[in-house]
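A look at the structure
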Amino acid sequence: MQPCHSAGMSPASHENGYWISLAQPDDIPSLQEAASVSWRATYQAIFDPEFIERFLAQAYSAASLERAFQDARTHFLVARINADPEAGVLAFCQVGPPSHPDGAPPACGELYRLYVRPAYQRRGIGRQLLGVAEDWLAGQGYLRYGCYVHARNDRGKAFYWQMGFNRRPLRDLEDEWYLVKELVTHT
Ligand SMILES: CC(C)(COP(=O)(O)OP(=O)(O)OC[C@H]1O[C@@H](n2cnc3c(N)ncnc32)[C@H](O)[C@@H]1OP(=O)(O)O)[C@@H](O)C(=O)NCCC(=O)NCCS
């Protein structure tokens, strides 16, 4: 498999007025800003501000993102309003193999992150990103995939229930609920 950054700007999906493509190094500043606004809005009532800032600085540093883009076992997608690489990142997601493989369900991938800028939420972008990520997971041979959502993230939970995920409480990590979705395979 080719690393993500080799695919240029050819869109993986263009529906609904939003373009989805593989993340590129040039996306980093805009992606970092999208992560900051989404993280602060989502978790301000859940985590303390120092934790949020520490997490953003670590998980969204340029070096961490470059590593994530180049990890050929995963797929890192960004959504923007049009095909122009100068257009800012509105949303992003990353999927790949399970982060806690011990005892994971068989043939199970994972959604590591999915964030839509608050101003662009509820316009179908999350659903569209997930659809492209699911096509990639199915193409890799995964039959299902999991994700973690904070027990108090009501918006995230509402979205995941609507997208067809079910909770598997035995694999919860403290306040992080573990959810799984079966992928429809076309034979
Ligand atoms: C959760 C999130 C990714 C959803 O993305 P989105 O683009 O806003 O969602 P969509 O517009 O594709 O919504 C698809 C369906 O999910 C459900 N849904 C989405 N947001 C919802 C909300 N706030 N309340 C209730 N249902 C919601 C709806 O059924 C919606 O369909 P509808 O608008 O036709 O009724 C986005 O709100 C987000 O980034 N939240 C902050 C970060 C986060 O919680 N990430 C997930 C956990 S890591």
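The structure this text deals with has already been given above.
Structure report, in brief. Treat the numbers as computed from the prediction; the structure is a model and nothing was measured. (Residues numbered from 1 in each chain as written. Predicted model: local features only at pLDDT ≥ 70, side-chain atom pairs only at ≥ 80, totals over all residues.)

Some points on helix H1 (residues 28-43)
Just so we agree on the cut-off: Secondary structure follows DSSP: runs of H or I at least 4 residues long count as helices, runs of E at least 2 residues long count as strands, and numbering of each begins at the N terminus. Helix span, as expected, comes to 1.5 Å for every residue beyond the first. As a rule, residues whose C-beta atom has 12 or fewer other C-beta atoms within 10 Å are exposed, those with 20 or more are buried, and those in between are partly exposed; C-beta atoms are placed from the backbone. It is the directions from the helix axis to the C-beta atoms whose arc is reported. Any two residues are considered in contact once their C-beta atoms, placed from the backbone, lie within 7 Å.
In this model, H1 (16 residues) spans 22 Å end to end at C-alpha, consistent with the 22 Å of a helix rising 1.5 Å per residue. Within H1 the residues assigned to the buried category are Leu31, Ala34, Ala35 and Ser38. Projection of H1 onto a plane perpendicular to its axis shows the buried side chains occupying an angular sector of 100°, all on one side. Those residues of H1 that are buried lie in contact with helix H2 (49-59), helix H3 (62-70), strand E3 (75-80), strand E4 (91-96) and strand E5 (108-116).

Brief notes about the pairing of strand E8 (residues 176-182)
Operational definition: Each pair of strands is called paired provided DSSP finds at least two bridges between the two strands.
As paired strands, strand E6 (residues 144-150) and E8 are joined by 7 bridges and run antiparallel to one another. Within E8, the position partnered with valine 149 by the bridge is tryptophan 177. In the sheet, strand E7 (residues 166-167) pairs with E8 via 2 bridges, with the strands oriented antiparallel. What sits directly across from arginine 167, in E8, is leucine 179.

A look at the site of the ligand
Put simply, the test is: The criterion for a residue being near a molecule or strand is a backbone-placed C-beta atom within 6 Å of that molecule or strand. Classification convention: Asp, Glu, Lys, Arg as charged; Ala, Val, Leu, Ile, Met, Phe, Trp, Tyr, Cys, Pro as nonpolar; all other residues, Gly among them, as polar.
Around the ligand lies a shell of 19 residues, among which Gln121, Gly126, Arg127, Gly156 and Ala158 are the nearest. Those elements that place two or more of their residues in the shell around the ligand are H1, E5, helix H4 (125-139) and helix H5 (154-162). Ranked by the residues each element gives to the shell around the ligand, the list is headed by H5, at 5 residues. Its residues assigned to classes, the shell around the ligand shows 7 nonpolar, 8 polar and 4 charged.

Quick notes on the pairing of strand E2 (residues 18-22)
Across the 5 residues of E2, 5 count as buried, placing the element largely inside the fold. Pairing of E2 with E3, which is carried by 4 bridges, proceeds in the antiparallel orientation. In the sheet register, serine 21 faces E3, and the bridge partner there is valine 78.

Observations regarding the nonpolar core
Short version of the rule: Take the buried Ala, Val, Leu, Ile, Met, Phe, Trp, Tyr and Cys residues, join any whose C-beta atoms are within 7 Å, and the set you get is a nonpolar core.
By size, the foremost hydrophobic cluster in this structure holds 39 residues, and its most contacted members are Leu77, Ala79, Ala91, Phe92, Cys93, Leu129 and Ala133. Element by element, the count of residues in this core is highest for H4, at 6 residues. Contact partners of phenylalanine 92, with chain neighbours within four places excluded, come to Ala23, Leu31, Ala34, Leu77, Val78 and Tyr115.

From the geometry alone we can't say anything about function, so treat these as descriptive.
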